There are 6 protein chains.
Amino acid sequence: MSEEAMTRFPVPDTDDLPDDLRQRIDEETERAGFTPNVFEAYAYKPSHFRAFFAYYDALVDDTPLAREEVEMIVVATSGANDCLYCVVAHGALCRIYADAPKLADQLATNHRAADVSTEHRAMLDFAVKLTESPEAVTEEDVAALRDAGFSQEEIWDIGSVAAFFNLSNRMAVLADMRPNDEFYTLGRDA
Amino acid sequence: MSEEAMTRFPVPDTDDLPDDLRQRIDEETERAGFTPNVFEAYAYKPSHFRAFFAYYDALVDDTPLAREEVEMIVVATSGANDCLYCVVAHGALCRIYADAPKLADQLATNHRAADVSTEHRAMLDFAVKLTESPEAVTEEDVAALRDAGFSQEEIWDIGSVAAFFNLSNRMAVLADMRPNDEFYTLGRDA
Amino acid sequence: MSEEAMTRFPVPDTDDLPDDLRQRIDEETERAGFTPNVFEAYAYKPSHFRAFFAYYDALVDDTPLAREEVEMIVVATSGANDCLYCVVAHGALCRIYADAPKLADQLATNHRAADVSTEHRAMLDFAVKLTESPEAVTEEDVAALRDAGFSQEEIWDIGSVAAFFNLSNRMAVLADMRPNDEFYTLGRDA
Amino acid sequence: MSEEAMTRFPVPDTDDLPDDLRQRIDEETERAGFTPNVFEAYAYKPSHFRAFFAYYDALVDDTPLAREEVEMIVVATSGANDCLYCVVAHGALCRIYADAPKLADQLATNHRAADVSTEHRAMLDFAVKLTESPEAVTEEDVAALRDAGFSQEEIWDIGSVAAFFNLSNRMAVLADMRPNDEFYTLGRDA
Amino acid sequence: MSEEAMTRFPVPDTDDLPDDLRQRIDEETERAGFTPNVFEAYAYKPSHFRAFFAYYDALVDDTPLAREEVEMIVVATSGANDCLYCVVAHGALCRIYADAPKLADQLATNHRAADVSTEHRAMLDFAVKLTESPEAVTEEDVAALRDAGFSQEEIWDIGSVAAFFNLSNRMAVLADMRPNDEFYTLGRDA
Amino acid sequence: MSEEAMTRFPVPDTDDLPDDLRQRIDEETERAGFTPNVFEAYAYKPSHFRAFFAYYDALVDDTPLAREEVEMIVVATSGANDCLYCVVAHGALCRIYADAPKLADQLATNHRAADVSTEHRAMLDFAVKLTESPEAVTEEDVAALRDAGFSQEEIWDIGSVAAFFNLSNRMAVLADMRPNDEFYTLGRDA
C-alpha cells in the first residue's frame, strides 16, 4: 500500500474536486497507471493546482529542450535541494525519457559524478548554481551556456526549469509530499 | 529614462504579442501608471507569461492572507535571495499595501530587525528558512506557524508565496531584470 | 557492461595482487555474485586495502548496532557528502538489510523525510551533524542519543560509522569510484 | 597533571587490554616519553584500535610522501575541521618532522597564510577542499596536483591522509579526546 | 516620530555627555538637520565614541578614494552583513555623494546587479569577499584591484573601509541601532 | 630572524614616522622586548594607526572585563576568522594574562573544546556568533549573556571586542601581517 500523498494538509476526495482538476487527474492516472501524489496534494488548493500544472506543461511542451534534458535539470535541482518527492518522482521520469537506468541516481547524488556529455554538464552546472547561489549568477555563467552551444531560448528554458523546481521542491517540503511507491522502481530496467 | 526591462534576452515589441498578453500589459500599465518590467520581460515567452501571472494572481487573490502579508513575505524572501528586481518592485508594493514606508527596507535587509508583530515574525522566519534551508524544514517549523495562530490554509499560502518567489527571484537573476525607476520611490511618503 | 571501478587511478589486475587481497576479493565476489568496485579500487594500494576493510569489518561485525542501522547511517552520511559510490552501493545494502526497498532513496536524499522511528531519527541526526558540522558537536548532541536509548558503545559505534564514511566518501570522490550496475537495482523489490 | 584522555567514554585500564594493544601502547610511550591520549582513547574498542592504527601506519610508512608532508596535510585538515586533539598532537609532529617551529600554528589557522612552497600550497589546497567540499572535487583539482609535480601514488596518498583525518577528527570530537600537555609545547624551539 | 537610537542599551542624555562628544553631536546635528542615531548610541561609552569616529573620520577624510566610493563600499559591505542601520544610513549618504538615487538599493541588495563601472565592480567584489570570506582572500584578489587600476594606498583604504564596517555592522546589530526616519528617504530624488 | 611585518604594503622606516607614532612604538618595544609587527604595519597610514590603537586601548583599559577575558574573546574571534597574525599574537597575550599555557590553542581551534567556565563559554558563544552570523544575532543571544551574569556594560564590551577584531582580522589578512617569532612561544611555560 502506498503512502498518503502528503502528511501536513488534508488530501481532498477526488469526487469533490472541480471538473477540470478531476479530468486532469483522470488523464494522469490513465497515463501513468496510478495517480502521482503531486496531483492529489496540489488539489488541496485548486487555483494553485491550475497555475502550477499550467507552468509545468509549458516547461515540458513549449521548449526546444529534449524532454530528457528537462528531467535531468529537474533531478539535479531537486537533489541539490534534498527534495524527496521530486528526486524520486522525476528520477523515474528521467530514467524513462533518457532511457538511462542509472542516470537519475547519479544526478540526484552529485551531478558532477554523472555520466553526461560536456554540454549537459554545463547545463547542469548552471542549474545547480542558480539553485544554490542565485545571487552569484552572472554574465559569465550565462556565457558558459552559450559556449556550450545552447540557444537563447534554451538558456531561458534551462533557467526556467531550475527556477520552477525551486518552487516545486519547497512546496513538496512544505506539504511533506510522499512519492508513490511506483516511482522508486520505474525505469530501472536497462 | 528607465532602464531596459532586462539585459540578457530581447524584450518583444508589445504590438507583436498575443492579445491576452497585450491586454494584461495594458491593464497593468493603466493600474500602475507605467509598465512593470517583469511583464515586458516575461513576454519573451508567452506560455511562461501566462502561467507565471496565473500563479501570482492566485497567490494574491485567493488567500486568507492580507495583501500586505503577502508582500512582506515576498520582500523578505527576495532579500534572502539578494534579488534586485523583486526587492525593489515588491518593496514598493509592500510599502503601499502595509502603509509603512520603512518596512520594505527593513525586511529586505534583515527581517529580524524589522518592526513587525510576533505573529509576522514567525511568518517571516518560516518563509526565510524555507528559502535558505528547505531541506531542514520540519514539522516543528510548521507547528511554530500554528502556534502563532495561522490557519492551515494560511500556512499553505505562506509557504506558497515564499516558494513562488524562489522561482521568481531566479528568473529575475537569469534575465537580469531591471526594476523600473518608479519602484525605487513609490510609497516612501509616510 | 559495467563501468570501470574508478577513473583516476589504474585498477590492478587481480592476478597480480597479494594472496590476502585476492582471497578477500574472491570471497566478496562469491558472496555478491559480482566484485564490488571498491575492492578493485582499493587494491591499487594493498596496505590501504587491508586497513580499510579491517576497519569496515570491525564496524559491521563488532557492534551492538543492527546491520540495518549501520547501513542507514552509511547512506545518510554519504548522501550528506553527495558521494555517488557509497550512496548507490550501500543503498543496496540498506535496502537488503532493512528489508525496506524505499529506505535508501529516502535517506540519501534527506534523512528528515525518511520513514524511520524516532530513535533512528535521533541516530541519523547525530550522524549527519557529525558529518556536516563536526566542530559544533557538543555534549548536548551526545545526550540526545542517550535520551533516545542508545548505550555508550552504540554511541561510539554510531559516531564511528559516520566518521569512517567521511573517510570512505572522500576516497570514492578522490578516485572517482563508479558503482557497479548491480547496486542500482539490488533490493528494490518489496 | 595532564587531562584525562577523553571525557565521553571510559578509558580502560592498560593492564586489562589485549596483549597487542598493550604492546603498542608501551612502544608509543617509550618512543614519545608519554602515552599519547589517542591510544588510550581508542583502546575503548580494541577492534577499532587495531584498524585505526594499521591505517595510520600505512599512511606514514608506505608512501612516497615525506613524513613532514603527511603531517602538514594532517594539521591543515584538522584545522579546517576545528579538531583540538589532532591540531595539537599533530601540530607537535609537524613541527618536529618539518623542523619548523612556526609551521603548525600557521597551517592550523589558515594554510593560505603559511610559509610553504608553491607545491605544498597546491597539496594543501587539495586536502582542504577535499575536507570542506568533497562533493565539488573534480578532475581539475586532481590535475592541479599533477601540474604541481605530484605522482599518481602521491596524489592517492595526499587524498588518503586528508580522508583519514576526516575520520580521525570526527572520532576525536565524538569522544572529546584531550591532547596531552606535552603536545602543546613539543618542537617549539627553533 | 523617529524610533529610539537603539533598543538594547540606554541612550544617555546629551546634556550629561563630555564636552567633546556633545560638541561632535551638535556639529553632526547641524550638518544633517537631525542627529544620526549612531552618535547617540555610541555615546553610551565615550571612549569608544571617540575612537570609533576618529577612525571613521580618517577613512573618509584621509584617502585618495572619492567619498562616493567610500560609501559604495560601506553599503555593499553592510548589505552582505544584513545590517539595517548601516544599509539605511549609509544608503542615504551613498545616494547623495554619488548623486545616484538608485545606487544604494542596488548595492545593498546585490552589488553584482548594480549599475557600476568595471573598476568599481572589482572594488566591490574585493570588499564583499573580505567581508564574507576573509580567510580566503589571497594575493590574487589584491592583484585584481591593482589590475583594475587602484593604487597601493587605495587598496589599503578599500580594505580598511570594508574592515571598519565589519566592526560597525556588528556594533549596530549588538545594540539594535535603529536608523533615523530621515535616512530612508534622503537623496532619493533624481 | 623574524619575518617582515607584512608582505603587501611597504613598512615605513620608524625614523620617518610622526613623533606620536614613534613614541608609541618605542613604548611597545620596551614593554614587549620587541616591536609587535602590527605597529610597524599600521604605521603605513598614521591616521589609521592612531584611531586603531586608540580603539584598542579603550577596549582593554576602559572595561569591567578582566584582561584575560578580553584576550579570550580576541583569540576565539580570530580563530573563527582564520586570522594568523591575531591568533598568534593574541594567543601569546591570552596565555600570559590568563596564566594558562594551553588556553589559546584551545580557543583558536574550537572554543567549544576549551577548558573554560560556563560563564566564559556563554561569552565566547556570543562572540563567535556575532563574528560568523551577525545577521542572526537576536535578543535571545543577548539574554543568554545576561543569564550568565554579565552586566550591561560587559555585554557592550564583549560585543565590542569581537566587533573590533572583525576589523583587525580583516586588516591583517589584507596586509598579510606576519606574527613576530616571539609570539609563537611566549607564555607557553606553565
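What you see is a predicted model, and the numbers here were worked out from it, not measured in a lab. Along each chain, residues carry numbers from 1 onward, in the same order as the chain's sequence is written. Each chain gets a letter, beginning with A, and each ligand a number, beginning with 1, in the order they are written. Local features are withheld for residues below a pLDDT of 70 in this predicted model, meaning they are given only at 70 or higher, and side-chain atom pairs are given and counted only at 80 or more; totals for whole chains, interfaces and linings count all residues. In computing side-chain properties, one takes all heavy atoms of the structure into account and sets aside hydrogens as well as water.

1. Description of the arrangement of the chains
Inference 1: In this structure chain B stays clear of chain D, and the shortest span between their C-alpha atoms is 17 Å.
Inference 2: In this view chain A stays clear of chain F, with the nearest C-alpha atoms of the two still 17 Å from each other. Contacts are assigned to residue pairs that have any heavy atoms within 4.5 Å of one another.

2. Quick notes on the environment of Thr7(E)
All names here are of chain E.
Inference 1: Helix and strand definitions follow DSSP, with helices as H or I runs of at least four residues and strands as E runs of at least two, each counted in order from the N terminus. Within the secondary structure, Thr-7 sits in the segment before helix 1 (19-32).
Inference 2: Spatially, the C-alpha atoms of Thr-7 and Asp-20 are 24 Å apart, while their sequence positions differ by 13 residues.
Inference 3: Excluding residues within four positions of it along the chain, Thr-7 makes contact with Ala-175, Asp-176 and Arg-178.
Inference 4: A distance of 2.7 Å separates polar atoms of two side chains, one belonging to Thr-7 and the other to Asp-176. Throughout this description, a polar contact denotes any pair of N or O atoms lying within 3.5 Å of each other; where both atoms belong to protein, one of them has to be capable of donating a hydrogen while the other can accept it, and for residues adjacent in sequence the pair is counted only when both atoms sit in side chains.

3. Some details on the relation of the copies chain B and chain A
Inference 1: A least-squares fit on C-alpha atoms brings the copies together, and the residues used are those whose pLDDT is at least 70 in both copies. Least-squares fitting of chain B to chain A yields an RMSD of 0.0 Å, with the superposition described by an axial translation of 0.0 Å and a rotation of 180°. Interpreted geometrically, this transformation is the action of a two-fold axis.
Inference 2: Both copies contact each other with a shared surface, as 100% of the interface residues of chain B are interface residues in chain A too.

4. Details of the interface of chain B and chain A
Inference 1: With 46 residues of chain B in contact, the opposing surface of chain A contributes 46 residues.
Inference 2: Across the chain B/chain A interface, buried area totals approximately 4000 Å², and carbon plus sulfur atoms make up 67% of it.
Inference 3: By buried area we mean how much accessible surface two parts lose on assembly, using a 1.4 Å probe and totalling the loss over both. Three residues, Tyr55(B), Trp156(B) and Arg170(B), lead the burial of chain B against chain A; their summed loss comes to 22% of the area buried on that side.
Inference 4: The working definition used for a salt bridge is a side-chain nitrogen of Lys or Arg within 4 Å of a carboxyl oxygen of Asp or Glu. The interface formed by chain B and chain A includes six salt bridges.
Inference 5: Residues Lys45(B) and Glu153(A) are paired through a salt bridge, measuring 2.6 Å at the closest nitrogen-oxygen approach.

5. Topic: the relation of the copies chain E and chain F
Inference 1: Expressed as a screw transformation, the operator carrying chain E onto chain F has a rotation angle of 180° and an axial translation of 0.0 Å, and the superposed copies differ by an RMSD of 0.0 Å.
Inference 2: Counting the interface residues of chain E, we find that 100% of their copies in chain F are interface residues as well, pointing to one common contact surface.

6. Overview of a nonpolar patch on the surface
Inference 1: Side chains of Ile96(A), Tyr97(A) and Leu186(A) sit close together on the surface and give an oily, nonpolar patch of about 250 Å² of accessible area.
Inference 2: Residue class for Leu186(A) comes out partly exposed when judged on its relative accessible area of 31%. Candidate patch residues must exceed 30% relative accessible area and have no salt bridge, after which like charges are joined if within 9 Å and Val, Leu, Ile, Met, Phe, Trp or Tyr side chains if within 5 Å. Residue exposure ignores everything except the shown protein chains as possible cover, and the areas themselves are Shrake-Rupley values with a 1.4 Å probe. A simple rule labels every residue: compare its accessible area, found with a 1.4 Å probe on the protein chains alone, to the largest value its type can have, and call it buried under 20%, exposed over 50%, or partly exposed in between.

7. A short note on the side chain of Asp141(C)
Inference 1: You can see Asp141(C) is positioned in helix 8 (residues 139-147).
Inference 2: Within polar-contact distance, the side chain of Asp141(C) engages the side chain of Lys129(C) at 3.1 Å.

8. Focus on the pattern of salt bridges
Inference 1: Under the counting rule described, the total for this entry stands at 102 salt bridges over all chains.
Inference 2: A salt bridge links Asp181(A) to Lys102(C), with the shortest nitrogen-to-oxygen separation between them at 2.7 Å. With Asp181(A) in helix 10 (residues 181-185) and Lys102(C) in the loop between helix 5 (84-98) and helix 6 (103-109), this pair bridges two chains.
Inference 3: In this structure, Lys45(D) and Asp157(C) form a salt bridge, with 2.7 Å as the shortest nitrogen-oxygen distance. Note that Lys45(D) is positioned in the loop between helix 2 (37-42) and helix 3 (46-61) and Asp157(C) in helix 9 (residues 152-175), a pairing that runs across two chains. Per residue, the accessibility class of Lys45(D) equals that of Asp157(C), and both read buried.
Inference 4: Overlapping salt bridges bring together Arg24(A), Glu28(A), Arg31(A) and Asp57(A) as one network.

9. Let's talk about the confidence of the model for chain A
Inference 1: Predictor confidence is given residue by residue as pLDDT, running from a minimum of 0 to a maximum of 100. Residues with a pLDDT of 70 or more make up 98% of chain A, whose mean pLDDT is 97.
Inference 2: As scored by the predictor, the complex reaches a pTM of 0.97 and an ipTM of 0.97.

10. Looking at the domain arrangement of chain A
All names here are of chain A.
Inference 1: For each domain, the first and last residues come from an automatic or database assignment. Taken domain by domain, chain A holds domain 1 (14-61) and domain 2 (67-185).
Inference 2: Between domain 1 and domain 2, the C-alpha centre-to-centre distance is 22 Å.
Inference 3: The partner domain 2 presents 19 residues to the 12 residues of domain 1 that form the contact.
Inference 4: Interface area for domain 1 against domain 2, summed over the two sides, is near 1300 Å², with a carbon-plus-sulfur share of 73%.
Inference 5: When the area that domain 1 buries against domain 2 is broken down by residue, the three leading residues are Phe-34, Tyr-56 and Leu-59, summing to 41%.
Inference 6: Counting across the domain 1 and domain 2 interface gives six residue pairs in polar contact (both at pLDDT 80 or more).
Inference 7: Counting residues per element, the ones that place at least two in the side of domain 1 that touches domain 2 are helix 2 (37-42) and helix 3 (46-61).
Inference 8: The element contributing the most residues to the side of domain 1 that touches domain 2 is helix 3, with five residues.
Inference 9: Under the convention adopted here, Pro, Cys and the residues Ala, Val, Leu, Ile, Met, Phe, Trp and Tyr are nonpolar, Asp, Glu, Lys and Arg are charged, and Gly plus all remaining residues are polar. Grouping the constituent residues of the side of domain 1 that touches domain 2 by class yields 10 nonpolar, two polar and no charged.

11. Describing the packing of aromatic side chains
Inference 1: We call Phe, Tyr and Trp rings a pair once their centres come within 6.5 Å, taking the six-membered ring for Trp, and we label the pair stacked below 30 degrees between planes, edge-to-face above 60, and tilted otherwise. Applying the stated criterion across every chain, the model contains 102 aromatic pairs over all chains.
Inference 2: On the numbers, 6.3 Å between centres and 75° between planes, the contact of Tyr56(A) with Phe165(A) is edge-to-face. On the criterion of sequence distance, the pair formed by Tyr56(A) in helix 3 and Phe165(A) in helix 9 (residues 152-175) is long-range, its members being 109 residues apart.
Inference 3: Since its relative accessible area comes to 12%, Tyr56(A) is described here as buried.
Inference 4: These aromatic residues form a ring-pair network of at least three members: Phe9(A), Phe39(A), Tyr42(A), Tyr44(A), Phe49(A), Phe52(A), Phe53(A), Tyr55(A), Tyr56(A), Phe164(A), Phe165(A) and Trp156(B).

12. Points about the nonpolar core
Burial of nonpolar side chains together is a common tendency in soluble globular proteins.
Inference 1: Residues Tyr42(C), Met177(C), Tyr42(D) and Met177(D) are the most contacted members of the largest nonpolar core, which totals 142 residues.
Inference 2: Those residues in contact with Tyr42(D), other than ones at most four positions away along the chain, are Tyr55(C), Trp156(C), His48(D), Phe49(D), Phe52(D), Phe53(D), Leu167(D), Met171(D) and Met177(D).
Inference 3: In this text, buried Ala, Val, Leu, Ile, Met, Phe, Trp, Tyr and Cys residues form a nonpolar core when linked through side-chain atoms within 4.5 Å. Of all hydrophobic cores here, the second largest spans 139 residues; its members include Val142(A), Met6(B), Val75(B) and Ala163(B).

13. So, the interface of chain E and chain F
Many authors give the size of an interface as the accessible area that is lost as the parts come together.
Inference 1: Counting residues at the interface gives 46 residues for chain E and 46 residues for chain F.
Inference 2: In total, about 4000 Å² of surface goes out of reach between chain E and chain F, with carbon and sulfur atoms giving 67% of it.
Inference 3: Of all residues in chain E, the largest losses of buried area upon contact with chain F belong to Tyr55(E), Trp156(E) and Arg170(E), amounting jointly to 22% of the total for that side.
Inference 4: Our count for the contact surface shared by chain E and chain F stands at six salt bridges.
Inference 5: In this structure, the salt-bridge partner of Arg8(F) is Glu139(E), at a minimum N-O distance of 2.7 Å.
Inference 6: The tally of links from chain E across to chain F stands at 20 residue pairs in polar contact (both at pLDDT 80 or more).
Inference 7: Elements represented by at least two residues in the side of chain E that touches chain F include exactly helix 2 (37-42), helix 3 (46-61), helix 7 (118-132), helix 8 (139-147) and helix 9 (152-175) of chain E.
Inference 8: By residue number, the principal contributor to the side of chain E that touches chain F is helix 9 of chain E, which donates 16 residues.
Inference 9: In terms of residue class, the side of chain E that touches chain F is built from 27 nonpolar, 10 polar and nine charged.

14. Regarding the packing of helix 7 (residues 118-132) of chain A against helix 9 of chain A
All names here are of chain A.
Inference 1: Packing of helix 7 against helix 9 leaves a shortest axis separation of 9 Å and a crossing angle of 40°. Considered as vectors, helix 7 and helix 9 are oriented oblique to each other. For the pair helix 7 and helix 9, the sense of crossing is right-handed. Across the interface between the two elements, Met-123, Phe-126, Ala-127, Leu-130 and Thr-131 from helix 7 touch Ile-158, Gly-159, Ala-162 and Asn-166 from helix 9. Here the axes come from fitting lines to C-alpha atoms, over the contacting stretch only for helices, and the angles between their N-to-C directions go from 0 to 180 degrees. The scheme is simple: roughly parallel for angles under 35 degrees, roughly antiparallel for over 145, roughly perpendicular for 65 to 115, oblique for anything else. When the near helix sits turned anticlockwise from the far one by under a right angle, the crossing is termed left-handed; a clockwise turn instead gives a right-handed crossing.

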